[in-house]
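Take a look at the letters that make up each chain.
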Amino acid sequence: MTELAAAKAALKTQAVETPSWAYGNSGTRFKVFAQQGVPRTPFEKLDDAAKVHEFTGVAPTVALHIPWDRVDDYAALAKHAEQRGVKLGAINSNTFQDDDYKLGSICHPEASVRRKAVDHLLECVDIMDATGSADLKLWFADGTNYPGQDDIRGRQDRLAEGLAEVYERLGDGQRMLLEYKFFEPAFYTTDVPDWGTAYAHCLKLGPKAQVVVDTGHHAPGTNIEFIVATLLREEKLGGFDFNSRFYADDDLMVGAADPFQLFRIMYEVVRGGGLSADVAFMLDQCHNIEAKIPAIIRSVMNVQEATAKALLVDGDALKAAQRGGDVLEANAVVMDAYNTDVRPLLREVREEMGLDPDPIAAYRRSGWGERIVAERVGGQQAGWGA
Ligand code: PSV
Ligand code: MN
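Residues numbered from 1 in each chain as written. Chains lettered and ligands numbered in written order. Predicted model: local features only at pLDDT ≥ 70, side-chain atom pairs only at ≥ 80, totals over all residues. Heavy atoms only, no water.

Draft legend 1. Quick look at the pairing of strand β4 (residues 135-139). When you tally the buried positions in β4, you get 5 out of 5 residues, the bulk of the element. A two-sided burial pattern is seen for β4, the buried positions comprising Asp135, Lys137 and Trp139 on one face and Leu136 and Leu138 on the other. (Buried < 20%, exposed > 50% of the residue type's maximum accessible area, 1.4 Å probe, protein only. Helix = DSSP H or I, 4+ residues; strand = E, 2+ residues; numbered from the N terminus.)

What follows is the structure, given as structure tokens:
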């Protein structure tokens, strides 16, 4: 197979998971701007996600957030997804929106609150059994705001204990993906603040525990691609929560703020074999002021473009330049790939997949946006936290 054919094949099998919550109303702590046509139920969120997959061809799964997507019958939800051509993906836990969690969840100083948090995580694994989801994604808002507020070391012990109980409950083919975030909502210490802490816990837990890199969860200037390369090398990269940040955890469309960074990350993914390994490529975004479904389509396309450029890096030329110590040439090889306009290639890939080469135009022509505005009248719109 030529290199171009291999790149095309990789692009056709790429899978980007979209988050159920991105279809609902979400925004900032200052204001969430409601939009017309927003889903009222998890079923309607799946209907929208199916449209993203229909027009991109590479968004076959949808992540759920519990309790935001709690339903009586998860098997029925999974069936609804399949009838529309998508599947349920990662189950995201939520131990950050209950009054009991003021001082933390599984790291809370009180055993009864820790029990409640662990029970929620175990419920999430039950849901995975019902939906056929393979991944439990864990993000903890746990931390402290003031020096002395709680015992930093003790909180790590509680974290390890809680995680171990959930790890034991995982079935065959199920994973636990631990996400880190350096601050917010905790402002002094965060119990899982960085990849090192997440990695240390996952290493102790065992092979079913892996780290999630949310691209918005790093201090400015952090070299995220280095983290990606390291985790892949250690076989501990479970997946990504993709989004863009200009300042902190902005949750903007991936590739919007820094497409070069996204390319560098995807290059390390390609270099480390991450496209064929079990790495989950998920979006975790909020669309407060832009139309949600086209924004998610755009995000998927941004991931595709970064991946295509990463696949175009001439590996042999790069190796030769690196071995020869030709700094400028090595950099030029990487920049040549980054500066390639891959949009014609991706249009070709889509046509070969039987898709419209322009997913956003095709979505607009489909009339789905107008239809949901007309049909989804009344009821309670889904939102971040509901
Ligand atoms: C936390 O900031 C986070 O990135 C976690 O993944 C949560 O589950 C998600 O956002 C909720 O939007
Ligand atoms: Mn996230």
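Draft legend 2. Main features of the environment of Ser366. Position of Ser366 relative to the elements: it lies in helix α13 (residues 359-366). Classification of Ser366 by relative accessible area gives partly exposed; the value is 36%.

Draft legend 3. Region of the structure containing the coordination of the manganese ion (ligand 2). Protein coordination at the manganese ion (ligand 2) comes from Glu179 (OE), Asp214 (OD), Asp241 (OD) and Asp284 (OD), with a distance range of 2.1 to 2.2 Å. Taken together, the 6 donor atoms coordinating the manganese ion (ligand 2) and their angles of 72 to 163° define a geometry best described as octahedral. Coordination of the manganese ion (ligand 2) draws on donor residues from a single chain, spaced E-x34-D-x26-D-x42-D in sequence. Of this pair, Asp241 sits in strand β9 (residues 237-242) while Asp284 sits in the loop between β10 (280-283) and α9 (292-311), and the two are 43 residues apart along the sequence. Across the pair, exposure class does not vary: Asp241 and Asp284 are buried alike. (Donors = N, O, S within 2.8 Å, 3.2 Å for Na, K, Ca; no water. Tetrahedral: all angles 85-135°; square planar, octahedral: opposite > 155°, others 65-115°.)

Draft legend 4. Representation of helix α10 (residues 315-323) in the model. Two or three places before Asp316, at the start of α10, stands the capping residue Asp314, its side-chain oxygen 3.3 Å from that residue's backbone nitrogen. Following α10 by one or two positions, Gly325 has its phi on the positive side, about 70°. (Polar contact = N/O pair within 3.5 Å; in protein donor to acceptor, adjacent residues only side chain to side chain.)

Draft legend 5. Expanded view of the pattern of salt bridges. Under the counting rule described, the total for this entry stands at 30 salt bridges. Across the pair Asp98 and Lys116 runs a salt bridge, and its minimum N-O distance is 3.1 Å. In this pair, Asp98 sits in the loop between β3 (87-92) and α4 (111-131) while Lys116 sits in helix α4, placing the two residues 18 residues apart along the sequence. Residue class for Lys116 comes out partly exposed when judged on its relative accessible area of 31%. Between Lys137 and Glu179 there is a salt bridge, with the nearest N and O atoms lying 3.6 Å from each other. Pair noted here: Lys137 is in strand β4 and Glu179 is in strand β6 (residues 175-179), with a separation of 42 residues, a long-range link. Each member of the pair, Lys137 as well as Glu179, is classed as buried. Residues joined in a network through salt bridges with shared partners are Lys8, Lys12, Glu348 and Glu352. (Salt bridge = Lys/Arg side-chain N within 4 Å of Asp/Glu carboxyl O.)

Draft legend 6. View of helix α5 (residues 152-169). The first and last C-alpha atoms of α5 sit 27 Å apart over 18 residues, in line with the 26 Å expected at 1.5 Å per residue. Inspection of α5 places Gly154, Arg155, Arg158, Leu159, Gly162, Leu163, Val166 and Tyr167 among the buried residues, and these make up the whole buried set. (Expected span 1.5 Å × (residues − 1).)

Draft legend 7. Summary view of the nonpolar core. Residues Ile106, Phe140, Leu163, Met176, Phe240 and Phe242 are the most contacted members of the largest nonpolar core, which totals 91 residues. Those residues in contact with Met176, other than ones at most four positions away along the chain, are Leu136, Leu138, Leu163, Val166, Tyr167, Leu170, Leu205, Lys208, Ala209 and Gln210. Counting residues in each nonpolar core, the second largest holds 6 residues, with Val342, Leu345, Leu346 and Val349 among its members. (Core = buried A, V, L, I, M, F, W, Y, C linked by side-chain atoms within 4.5 Å. Contact = heavy atoms within 4.5 Å.)

Draft legend 8. Focus on the packing of aromatic side chains. Enumeration over the complete set of coordinates arrives at 13 aromatic pairs. Ring geometry for Trp195 and Tyr199: centres 6.1 Å apart, planes at 55°, overall tilted. Taken as a pair, Trp195 and Tyr199 lie in helix α6 (residues 195-205) at a separation of 4 residues, close to a single helical turn. For the pair Phe263 and Tyr338, a centre-to-centre distance of 5.2 Å together with 45° between the ring planes defines the contact as tilted. Separated by 75 residues along the polypeptide, Phe263 in helix α8 (residues 259-271) and Tyr338 in helix α11 (residues 327-338) bring together distant segments of the chain. For the pair formed by Phe263 and Tyr338, the shared burial category is buried. Cluster of aromatic residues (ring-pair linked, three or more members): Trp21, Trp68, Phe96 and Trp139. Over the ring of Tyr101 we find Lys116; its NZ or CZ atom is 5.5 Å from the centre of that ring. Note that Lys309 overlies the ring of Tyr338, its terminal NZ or CZ placed 4.6 Å from the centroid. (Phe/Tyr/Trp six-rings, centres within 6.5 Å; stacked < 30°, edge-to-face > 60°. Lys NZ or Arg CZ within 6 Å of the ring centre and 35° of its normal.)

So yeah, pure geometry; function would need other evidence.
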